[in-house]
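Below, each chain spelled out in residue letters.
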Amino acid sequence: MAEFAHFKPSMITFLRQLARNNTREWFADNKQRYEDLVREPALDFISAMGQPLADITPYFVAVPKKTGGSLMRPYRDTRFSKDKTPYKTNVGIQFRYEFGKDVHAPGFYVHIDPHEVFVGAGMWHPDREPLRAIRDAIVDDPKGWKAARDQRTFRRHFDLAGSQLKTAPRGFDKSHPMIDDLRRKDFIGVKVMTHDVLYSPQLLKTMAQTFRAASPFMTFLCRAVGARF
């Protein structure tokens, strides 16, 4: 793979064009442009992030593969959606826990689309057992959870995001002092960035610093589900 320093505006240009021409015919005619302007730069970025990520934690992986690695597929799952356009108009990259099988595992996520760029850290829609484990960990160690959730560097970079239950989850008291956190279905922090960050020679450093800022939050979540950070 080529040495990677930063992305180019041509990636966003292609994604904008795809959004206006989201058909299989257009994509087939522009498949090589997708490879050159989107997929290959994304794989180069993933490869370049391997060492910075390992310096933060040896248990999360950067896998620069076209399929089955850190780069998410460009194809939309339209089975249960009214929107039948076949392709995603964003680039999704997840650096997940070494034994994680899908996007629900602990991980760092980089999202790039024509309108926004953001980094996510944590667990999105965790399955029933890990979700229960996180909630139990919050109940068992509320001080530890608050220290991780409110750690100054983490909160300077990230805002907590994701969906919540409308009421207390089964088995938890609705009057529990941590009920707002126990109602969470996602345990993720999100940092919104600008497109200019993508084009900066400091991109890799910026991403590494952002990932590192989430360390206390990620450590708590990983410990809760029996993983190491």
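What comes next concerns the included structure. (Residues numbered from 1 in each chain as written. Predicted model: local features only at pLDDT ≥ 70, side-chain atom pairs only at ≥ 80, totals over all residues. Heavy atoms only, no water.)

This brings us to the overall build of the protein chain. Tallying secondary structure elements over the protein chain gives 11 helices and five strands in all. For 229 residues, the compact-globule estimate of 2.2 N^0.38 gives 17 Å, and the protein chain sits close to it at 19 Å. The buried share of the protein chain, taken over its 229 residues, is 45%. Counted over contacts in the protein chain with a minimum sequence separation of 6, partners at least 24 positions apart contribute 65%. Approximately 12300 Å² of the protein chain is accessible, and the part contributed by carbon and sulfur atoms is 49%. Both charge centroids of the protein chain, one from 37 positive and one from 26 negative side chains, sit 3 Å from each other. (Helix = DSSP H or I, 4+ residues; strand = E, 2+ residues; numbered from the N terminus. Rg over C-alpha atoms; globule rule 2.2 N^0.38 Å. Buried < 20%, exposed > 50% of the residue type's maximum accessible area, 1.4 Å probe, protein only. Contact = heavy atoms within 4.5 Å. Areas by Shrake-Rupley, 256 points an atom, 1.4 Å probe, with all protein chains shown as cover. Lys, Arg positive; Asp, Glu negative; His and termini not counted. Charge placed at Lys NZ, Arg CZ, Asp CG, Glu CD.)

This paragraph deals with the sheet that holds strand β2 (residues 107-112). Sheet architecture is open: five strands sit in the order β1-β2-β3-β5-β4, paired in antiparallel fashion. Sheet topology places β1 (91-96) and β4 (159-161) at the edges, where each strand pairs with a single neighbour. Adjacent strand axes in the sheet meet at a mean angle of 25° when their direction is disregarded. (Pairing = 2+ DSSP bridges. Axes fitted to C-alpha atoms, helices over the stretch in contact; angles between N-to-C directions.)

Let us now look at helix α1 (residues 9-20). Counted at 1.5 Å a residue, the expected span for α1 with its 12 residues is 16 Å, and the 17 Å between its end C-alpha atoms agrees. For α1, the complete set of buried residues consists of Met11, Ile12, Phe14, Leu15 and Leu18. All buried residues of α1 project into a common sector of 160° when viewed along the axis, lining one side. Against α2 (24-29), α3 (31-48), β1, β2 and α9 (195-199) lie the buried residues of α1. (Expected span 1.5 Å × (residues − 1). Arc of directions from axis to C-beta.)

On their own, these measurements won't tell you what the molecule is for.
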